[in-house]
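Chain by chain, the residues run as shown.
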Amino acid sequence: MDKSIKIVFFGTPAFVVPILEALEENFQVVGIVTGPDQKIGRKQILTPSAVATNARRPLAAQGVTLHKPERLDNEAALELKKLNADLFIVAAYGKIIPQNVLDIPKFGVINIHYSLLPKYRGASPIQAAILNGDKTSGTSIMQMDIKLDHGPVLATKEISLSNTDTFESLNTKMTQETIPLLVDIIPQFIAGKVDLKPQNEEEATFTKIINKEDGYFDIGNPPTPEKLDRMIRAYYPWPNAWTKWNGKIVKFFPGELVQMEGKNPAKLADFLRGYPDFPIKNLN
RNA sequence: CGCGGGGUAGAGCAGUGGCAGCUCGCGAGGCUCAUAAUCUCGAGGUCGUUGGUUCGAAUCCAACCCCCGCAA
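No experiment lies behind these values; they were computed from the predicted model shown.

(A) Representation of the protein's contact with RNA strand B within the structure. Close to RNA strand B lie 20 residues, the nearest being Arg42, Gln44, Lys251, Gly262 and Asp270. Gln259 places a side-chain nitrogen or oxygen 3.3 Å from a sugar or linking oxygen of RNA strand B. With respect to RNA strand B, the backbone of Gly262 contributes an N or O atom lying 2.5 Å from a base nitrogen. Breaking the surface near RNA strand B down by element, the ones donating at least two residues are strand S3 (38-40), strand S13 (248-253) and helix H8 (268-274). Counting residues per element, the surface near RNA strand B draws most heavily on H8, at 4 residues.

Structure (structure tokens):
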């Protein structure tokens, strides 16, 4: 609880909004940087990011500026510099932060990352933990440098996974656990009371960004039930475990739900009553 | 005008001009020590809406409403 600490928050998707709100509550958020508006949905309507939409209003009255630069170029950096922030906090922003931006805040740039670094650096740490069947993972708060998820770690917290955790549920858990950790560590960090632990480079592993094809499997040669279950949970709600059957996309959701292109999701048992030829008969 | 799938019984689906069907569920009963087992019987539908074509439309045509997948 220290309103003298001036923070700029970088984040884009809905699940980081609670983090932003916690920061606004405890510190002085002077700027919000989020991804540019995107065309979204069947109607292709230009829509601001979840962070832009949910940021507490009225921003202007609170002296908070909202930025959605296409690129973090010199022009954007100049604007950010004007905010005179102590600290930048980055959570799923979606763009690489260049050095000239990293150099702006007095106390550097802090990133939250949902794995126990140096394990699972990169874009899909949560999915990786689920796909690998890990029993535990965790959240890390680190100081960013120019290399990906490479900087020294301020704090970590271990989190256990259940065998029903999905990307979504685990992500929520991670956020819940991260918020108090973050709120607690920021003033200590500013006060210079936090040990910065360099990461052990030899233990580093990397995860790549998930794309649509990662969720695909061949219906003629499906993964083992265990593997499929992990895929369903790791890739929910996007891109989902999916296959092609009779020329149509069939998706699998947690809870033994199956959805064929154009149809609503149905329990696998119900689905099989309508499509008795479907090759996958159960999901256990 | 981004591309595409779909709306038929409570659920999942078949039916593409000639009496509205299948599987499951539901109700009653039989057989069972018993049963998510099994047998018999049964209820449950203005086939998304409106109009058109036709002797006759779930089915063909037109418009509209709603749900969904892709793409981003």
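(B) Up close: the nonpolar core. Formed by 62 residues in total, the largest nonpolar core has its most connected members in Ile19, Leu23, Ile186 and Phe252. Examining the composition of this core, we find that 9 residues originate from one element, helix H6 (residues 167-190), more than from any other. Counting residues in each nonpolar core, the second largest holds 18 residues, with Ala77, Phe88, Tyr93 and Leu102 among its members.

(C) Inspection of helix H3 (residues 74-82) at higher detail. Taken residue by residue, H3 has Ala76, Ala77 and Leu80 as its buried positions. On an axial view of H3, the arc spanned by its buried residues comes to 100°, and they lie on one face. Residues of H3 that are exposed and angled more than 90 degrees away from the buried face: Asn74, Glu75, Leu78 and Lys82. Of the surrounding elements, those touching the buried residues of H3 are strand S1 (2-11), strand S2 (27-33), strand S5 (65-67), strand S6 (87-91) and helix H4 (99-102). In the segment just after H3, Asn84 is the residue with positive phi, at about 55°.

(D) Expanded view of the packing of helix H1 (residues 17-26) against H6. In the contact formed by H1 and H6, the axes pass within 10 Å of each other and the chain directions differ by 30°. As summarised for this structure, H1 and H6 are arranged roughly parallel, according to the angle between their axes. Of the two possible hands of crossing, H1 and H6 adopt the one that is right-handed. Contacts from Pro18, Ile19, Ala22, Leu23 and Asn26 of H1 reach H6 at Thr175, Ile179, Leu182, Val183 and Ile186. Across the contact of H1 with H6, the residue classes tally to 8 nonpolar, 2 polar and no charged.

The rules we used
- Residues numbered from 1 in each chain as written.
- Chains lettered and ligands numbered in written order.
- Predicted model: local features only at pLDDT ≥ 70, side-chain atom pairs only at ≥ 80, totals over all residues.
- Heavy atoms only, no water.
- Near = heavy atom within 4 Å.
- Polar contact = N/O pair within 3.5 Å; in protein donor to acceptor, adjacent residues only side chain to side chain.
- Helix = DSSP H or I, 4+ residues; strand = E, 2+ residues; numbered from the N terminus.
- Core = buried A, V, L, I, M, F, W, Y, C linked by side-chain atoms within 4.5 Å.
- Buried < 20%, exposed > 50% of the residue type's maximum accessible area, 1.4 Å probe, protein only.
- Arc of directions from axis to C-beta.
- Contact = heavy atoms within 4.5 Å.
- Axes fitted to C-alpha atoms, helices over the stretch in contact; angles between N-to-C directions.
- Parallel < 35°, antiparallel > 145°, perpendicular 65-115°, else oblique.
- Left-handed = near helix turned anticlockwise from the far one by under 90°.
- Nonpolar A, V, L, I, M, F, W, Y, C, P; charged D, E, K, R; others polar.

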